[in-house]
Amino acid sequence: MCYAIPGRVVEIKGRIAVVDYFGEHRNVLNDFIDLKQGDYVYAQGGIVVEKVSEKYAKQILDYWKDKFFQLKRVDQKISERKGKPNPKLKNIFEKAEKGSILNRSEILELIRMENKNEMETLFKFANGLRQRYLKNASCVHGIIEFSNYCISNCAYCGIRKDNKKLIRYRMDIDEIVQIAEHAVNDLSFKALVLQSGEDPWYTTEKLVEIIKRVRKKCGVLLFMSIGTRSFNCYKKMYEAGARGVLIRFETSNPDLYKNLHINSKSDFNKRLELIKYTKKLGYVVATGFLIGLPGQTEEDLINDVMLTKSLNPDMYSFGPFIPHPETPLSKAKTVDIETVLKVIAVCRLLDPNAKILVTTALETLDKKNGKRLGLLSGANSLMINITPERYKKLYSIYPNRAGIDKSVKENIDETLELLYSLGRAPTDLGI
Ligand code: 5AD
């Protein structure tokens, strides 16, 4: 099983290593490893995670050589431009093509689009842009949900403190380390997201211990997704070897944020400052928002997209809000999948080099096609849930999550089959 292809270091420029994948070059950050030109490495999320021997690398590259070019041809074919945009759309596309930033009214035009053919033209264009800028590279990260305890009370979230019906679980340190080790050493993941509710049982010291132990045993990019914690906690986790954070600002509208976090410690400004701080520390930052929150306007949605872009994220992570029966928003409407796909396309047009995630919530809106549709609308990154089945069902941020009824192996096989059918290869996307 392979979610990463090793590359050869062709140049070192300070902390940046230039890595070659079959003639394509990517810049990656090297923090941990003593590297020289000619070394072979695995990189993920734009970070070198492991050095491998030339003999091993050549074996893998040999396996990939023909397959890689074959996949590229499939991707190229699928990404060919089709459909004739109307004059307004044509203008917008030309602007995006030149790398100019779309203005608010142009974004609004795209978000409001309802005509099916026009939407199809937009998705195709966004996918074509992804292909021209980043080729067929794709990120596949594994996510481990290690605790569903939460001191926060977000109105949209099923694991909120006030949901007394939920059976709570919390993995101990040994268990987390053992699952992470299995994911890297047996399942071949090169990037893992450790996610939980806001659970203070995991003190900074405990988190540091987890990170250090995983990093000692595995070459892996570790993302922490544990919500609002102190600056010091994020600093200590960075020092321990974590290099990614996944933390959404949820909505760019401070009033809406406030309404959704009544009786909760969550504070909009604190959260935003924290995201900026983690970026400054040098983390690979994945951030974004929820689409379709009750009370969210089109203006808010545009601001959400613009705020994400202004944070200069390493990965866009946004998804539809899906009402949970045990929350105050249980009666709210679920947003339609087209809106989510339009937002993916808009983000691609605004940021052609971006890593854009297909989230599980999008998959949940259309379990059969959601992932594929996201990848064909401008997205290029995926997460596979590797939380053990006994816990996965309890990590109920929203109901009926995609993949919940499948084993880890089924999820992995299905995802790889989909990626290959679309011509995507697991070369790193670089920074
Ligand atoms: N629907 C979709 N996503 C949700 N999240 C929380 N509740 C829901 C919901 N009902 C998302 C939040 C959070 C992430 C871990 O899960 O954006 O940051």
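See above for the structure.
Notes on the structure in this doc start here.

Moving on, we come to empty space enclosed by the protein. Under the defined criterion, the tally for this structure stands at three cavities of 30 Å³ or more. One number sums up the size of the largest cavity: a volume of about 790 Å³. Taken together, 40 residues form the lining of the largest cavity, with Q195, R248, E250, Y395 and I397 sitting closest to its centre. Taken together, the elements giving at least two residues each to the lining of the largest cavity come down to strand 6 (139-147), strand 7 (191-196), strand 14 (357-358), helix 12 (360-365) and strand 15 (381-385). Along the lines of polarity and charge, the residues of the lining of the largest cavity split into 21 nonpolar, 12 polar and seven charged.

On to the sheet that holds strand 10 (residues 284-287), then. If you walk across this open sheet you meet the eight strands as 12-10-9-8-7-6-15-14, and the pairing is parallel. The strands lining the two open edges of the sheet, one partner per strand, are strand 12 (315-316) and strand 14. For strand 6 and strand 7, the ladder comprises five bridges, and the chain directions are parallel. Bridged to G142 within strand 7 is L192. Packed onto the sheet, helix 15 (residues 408-421) meets strand 6 and strand 15 and runs at close to 160 degrees relative to strand 15.

Neighbouring the ligand are Y156, C157, Q195, R248, E250, L290, P320, F321, I322, I397 and Y398. In the environment of the ligand, an oxygen atom lies 2.6 Å from a nitrogen or oxygen atom belonging to the side chain of E250. Between I322 and the ligand, the recorded distance is 2.7 Å, taken from a backbone N or O atom to a nitrogen atom. Most atoms of the ligand, that is more than half of them, are within 2 Å of grid points of the largest cavity. When its residues are assigned to classes, the shell around the ligand shows eight nonpolar, one polar and two charged.

What counts as what
Residues numbered from 1 in each chain as written. Predicted model: local features only at pLDDT ≥ 70, side-chain atom pairs only at ≥ 80, totals over all residues. Heavy atoms only, no water. 1 Å grid on protein atoms, 1.4 Å probe; cavity = no way out; pocket = protein on both sides within 12 Å on 5 of 7 lines; lining within 4 Å. Points joined across faces, edges and corners; volume = space filled by probe spheres on them. Helix = DSSP H or I, 4+ residues; strand = E, 2+ residues; numbered from the N terminus. Nonpolar A, V, L, I, M, F, W, Y, C, P; charged D, E, K, R; others polar. Pairing = 2+ DSSP bridges. Contact = heavy atoms within 4.5 Å. Axes fitted to C-alpha atoms, helices over the stretch in contact; angles between N-to-C directions. Near = heavy atom within 4 Å. Polar contact = N/O pair within 3.5 Å; in protein donor to acceptor, adjacent residues only side chain to side chain. Sits in = over half its atoms within 2 Å of the grid points.

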